[in-house]
Amino acid sequence: MSKLTDAFNNGKAFIPFIVAGDPDEASTLNNILAMAKAGADIIELGIPFSDPVADGPVIQAGDLRAFKGGITVDKIFNIVKAARQQIQTPIVFLTYANVPFKYGYDRFCAQCQALGVNGLVIPDLPFEEQAEIRPFTQKYGLDLIMLITLNSGDRVPALAKAAEGFIYVVSTQGITGERDEFDHRLAALFAEIKQYTEVPAALGFGIHTPAQAKALSQFADGIIVGSAIVELAAQHGTEAAAAIGQYTAEMKAALA
Amino acid sequence: MTNNYDPETAMQAGRYLEYGGQYLPEVLMPEINRVAAAYAKYKDDPDFLNEFHTLLREYAGRPSLLYYAKNMTADLGGAQIYLKREDLNHTGAHKINNVIGQALLAKRMGKTRLIAETGAGQHGVATATIAALFGMECEIFMGKMDTDRQRLNVYRMELLGAKVNAVTSGSMVLKDAVNAALQNYAARSDDTFYVMGSAVGPHPFPAMVHDFQSVISKESKAQLQDAIGQLPDYVVACVGGGSNAIGSFAEYIKDPSVHLIGCEAAGKGITTKQTAATMALGSTGIFHGMKSRFLQNHDGQIDSVYSISAGLDYPGVGPEHVALMDEGRAQYVPITDDEAVDAFEYIAKQEGIIAAIESCHAVAEVQKLAPTLSKDQVIICTLSGRGDKDVASIAKYRGIELNED
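Residues numbered from 1 in each chain as written. Chains lettered and ligands numbered in written order. Predicted model: local features only at pLDDT ≥ 70, side-chain atom pairs only at ≥ 80, totals over all residues. Heavy atoms only, no water.

As a further point, take the domain arrangement of chain B. All names here are of chain B. Under the domain assignment used here, chain B contains domain 1 (15-56 + 95-209) and domain 2 (62-92 + 214-397). Taking only C-alpha atoms, the centre of domain 1 and the centre of domain 2 are 22 Å apart. Every contact between the two is made by 39 residues of domain 1 and, on the other side, 42 residues of domain 2. Note on domain 1 versus domain 2: buried area summed over both sides is about 3200 Å², and carbon and sulfur give 60% of it. Ranking the residues of domain 1 by area buried against domain 2 places Tyr19, Tyr23 and Lys175 at the top, with a combined share of 20%. At the junction of domain 1 and domain 2, the tally comes to 0 salt bridges. (Domains from an automatic or database assignment. Contact = heavy atoms within 4.5 Å. Buried area = accessible area lost by both parts, 1.4 Å probe. Salt bridge = Lys/Arg side-chain N within 4 Å of Asp/Glu carboxyl O.)

With that settled, consider the sheet that holds strand S2 (residues 19-23) of chain B. Spatial ordering of the open sheet is given by S1-S2-S12-S11 (chain B), a layout of 4 strands whose pairing is antiparallel. Taken across any chain shown, the strands that pair with only one partner, and hence form the sheet edges, are strand S1 (15-16) and strand S11 (283-287) of chain B. (Pairing = 2+ DSSP bridges. Helix = DSSP H or I, 4+ residues; strand = E, 2+ residues; numbered from the N terminus.)

This next bit is on the interface of chain A and chain B. The interface of chain A with chain B comprises 33 residues on the first partner and 31 residues on the second. Together, the buried faces of chain A and chain B total about 2600 Å²; carbon and sulfur atoms form 49% of this surface. The largest per-residue losses of area from chain A upon contact with chain B belong to Asp51, Val53 and Lys102 of chain A, which jointly make up 22% of the total buried on that side. Along the contact surface separating chain A from chain B lie 3 salt bridges. For Glu132 of chain A, the salt bridge goes to Lys291 of chain B, with nearest N and O atoms at 3.1 Å. Joining chain A to chain B, the criterion identifies 18 residue pairs in polar contact (both at pLDDT 80 or more). Within the residue set of the side of chain A that touches chain B, elements represented by two or more residues are helix H3 (57-68), helix H5 (98-103) and strand S6 (146-149) of chain A. If you tally residues by element for the side of chain A that touches chain B, the top one is H5 of chain A, at 4 residues. (Polar contact = N/O pair within 3.5 Å; in protein donor to acceptor, adjacent residues only side chain to side chain.)

Residue and element names in this part refer to chain B. Two elements in contact, helix H5 (residues 95-108) and helix H6 (residues 122-134), have axes separated by 9 Å at closest approach and are oriented at 45 degrees. By the angle between their axes, H5 is oblique relative to H6. Relative to H6, H5 is oriented so that their crossing is right-handed. Packed against H5, whose contacting residues are Lys95, Ile96, Asn98, Val99, Ile100, Ala103, Leu104 and Lys107, the element H6 presents Gln122, His123, Ala126, Thr127, Thr129, Ile130 and Phe134 at the interface. Split into classes, the residues belonging to the contact of H5 with H6 amount to 8 nonpolar, 5 polar and 2 charged. (Axes fitted to C-alpha atoms, helices over the stretch in contact; angles between N-to-C directions. Parallel < 35°, antiparallel > 145°, perpendicular 65-115°, else oblique. Left-handed = near helix turned anticlockwise from the far one by under 90°. Nonpolar A, V, L, I, M, F, W, Y, C, P; charged D, E, K, R; others polar.)

On to the sheet that holds strand S9 (residues 222-225) of chain A. Residue and element names in this part refer to chain A. Overall, parallel pairing links the 9 strands, which are arranged S5-S4-S3-S2-S1-S9-S8-S7-S6 in an open sheet. Looking at strand neighbours, the two that pair on one side only are strand S5 (143-144) and S6, the edges of this open sheet. Pairing between strand S3 (residues 91-94) and strand S4 (residues 119-121): 3 bridges, direction parallel. Looking at the pairing, Val92 lines up with Gly119 of S4. Where helix H12 (residues 241-255) meets the sheet, its contacts fall on strand S1 (13-19) and S9, and the angle it forms with S1 comes to roughly 155 degrees.

Next up on the list: the side chain of Glu117 of chain B. Residues and elements named next belong to chain B. If you trace the backbone, Glu117 turns up in strand S5 (residues 113-118). One buried charged residue, Glu117, forms no salt bridge at all, with the nearest opposite charge on Lys95 at 6.4 Å. Polar side-chain contacts of Glu117 include one of 3.0 Å to the side chain of Tyr194. Here Gly197 takes part through its backbone nitrogen, which lies 3.3 Å from a polar atom of the side chain of Glu117. Excluding anything up to four places from it in sequence, Glu117 contacts His123, Phe141, Leu174, Ala177, Val178, Tyr194, Val195, Met196, Gly197 and Ser198. (Buried < 20%, exposed > 50% of the residue type's maximum accessible area, 1.4 Å probe, protein only. Lys, Arg positive; Asp, Glu negative; His and termini not counted.)

Under the counting rule described, the total for this entry stands at 20 aromatic pairs over all chains. With a centroid separation of 5.7 Å and an interplanar angle of 40 degrees, the aromatic rings of Phe8 of chain A and Phe166 of chain A are classed as tilted. Placement of Phe8 of chain A in the loop between helix H1 (3-6) and S1 and of Phe166 of chain A in the loop between helix H8 (156-161) and strand S7 (167-170) is noted, with a sequence separation of 158 residues between them. Each ring, one from Tyr194 of chain B and one from Phe205 of chain B, has its centre 6.3 Å from the other, and the planes form 50 degrees; the classification is tilted. (Phe/Tyr/Trp six-rings, centres within 6.5 Å; stacked < 30°, edge-to-face > 60°.)

This next bit is on unusual backbone geometry. Generally, phi is negative for residues other than glycine and the peptide bonds are trans, each holding for most cases. Residues and elements named next belong to chain B. Backbone torsion omega between Arg62 and Pro63 reads 0 degrees, so that peptide bond is classified as cis. Assignment of secondary structure puts Pro63 in the loop between helix H3 (46-58) and strand S3 (66-68). For the bond running from His203 to Pro204, omega is 15 degrees, close enough to zero to count as cis. Among the structural elements, Pro204 can be located in the loop between strand S8 (192-194) and helix H10 (205-213). Non-glycine residue Leu17 carries a positive phi angle of around 50 degrees.

As structure tokens, this is what we get:
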């Protein structure tokens, strides 16, 4: 039923992330098309925010480049509209809560449905506060993506049971040198999630290389990569599509 | 007034009308729930409250004076003016009240490290002070713009053993310091307690700040009763995030005859872009863990704001203040840099008090208000902090070069 859940039927899913408008609208469209063509299973499109508290410096810098290029929410909807004329790959927005709130939840979700956006990841709208947007995501058939972290602890059952589309497992606690312990805790977290839901769970936490992705996909149903791709966008500017496409193809090959 | 708003019920639920809540990334939710549970457990605990009030008395130097400003009263020729002297507290501002409370809670939660954001530096100094007193590790996040204009306070925090982290992201002011502190909190919540300096952020922070700062109005109510046997007609306080204002208002919210006036920073004026007047110009949004009122554009991007006062230079305001405004229980007025600087000089010459530029936003409103009232009416104005830290920047504003070398 969910296009996002279905996207996990093609082996382990690869979910690349880019910042919408980085560095301009035309490049973003090219990058989306390149990722889709190279085998991305879901494309995560970040709506830039003035104060991205949950993002590191690489994505913050991408947001700043996008603002410099004059990006707005309506321009991002136009990018999606143009992309939808050429690709069917599911698209999710990553947005801070204030953007859809200010746009109006009803109007924002209606626009998402009309243009073919399949889900929303809202890092600062935790489970306890999701009730205010859920009537609108349901009304317009959008999946509200649940985030679960290594320290979610006794919250995991409730979060997993309420999940739809896919689960975004995220951690800021990956510490070099404690790799084995870290993998062990992640494996246990995925196993716990599986007890409560059939919804696939993807992992995103600063994964860069195909080898990492392959290793972590032993327990993750999909791999989300943000910073590594935004770094490519930073290096190649308006000509990043080829590099992003090639990277996407390598990552998907490692997961196939 | 519609009477939908009851402060006690709101604080328990973390919702002030539609405002408040806990809009945080999942990585912080388990910890904020632990803080809320710990606060619910200790807020009425006799041992906790006894320790809090003992430290307020013996370490912070409370009660602070309620001082009858005879010269200002005579000069302005209207209402009797009383000044609530939070500037006389240890560390020179009201911030210490709240920091003592939150640090005591942190200790009871087994935390060993305090972090905080700071604008003018007063909250950072207060946090560094209590960390030193309690033998806790301390790191203060402060926008680079603010570390530059408040160098004395930076050095003061370092003297107290704190590490000061000059935040260079965004517009390098208070909101950016909050962003950086939240990121650090997410990474270190196992040993770290985030001491929120203002009446902002996710529940339970606005409620905690309300409770710990309410000592200001508990005292002022009793002190005015002792002095002249009546309630004030007006309580005036400056508002950035709104911690000294909520503390100044708290005990009077249920006394409808007492007018509550918050003074926000208009910067260069509310018709310019160089302003921090959230109440005058903002709209409802979600930011820094709360639903509240923010200066933002039509896309929900948070504005860069400006005020001469680092402590009021914030694009939002505490959720309880927005509820008080919506209910018509409190009024909020914008005060420009020029008006605040005039007030800074006025109160120095009239009363021999160098008050913080933040507090002078309230003094400026008193200068406008007092002459319109009768001599049997009473205004309490909170002087939230002392102004030593501002002397250099006020001199600069007036075009005077101070050679400090």
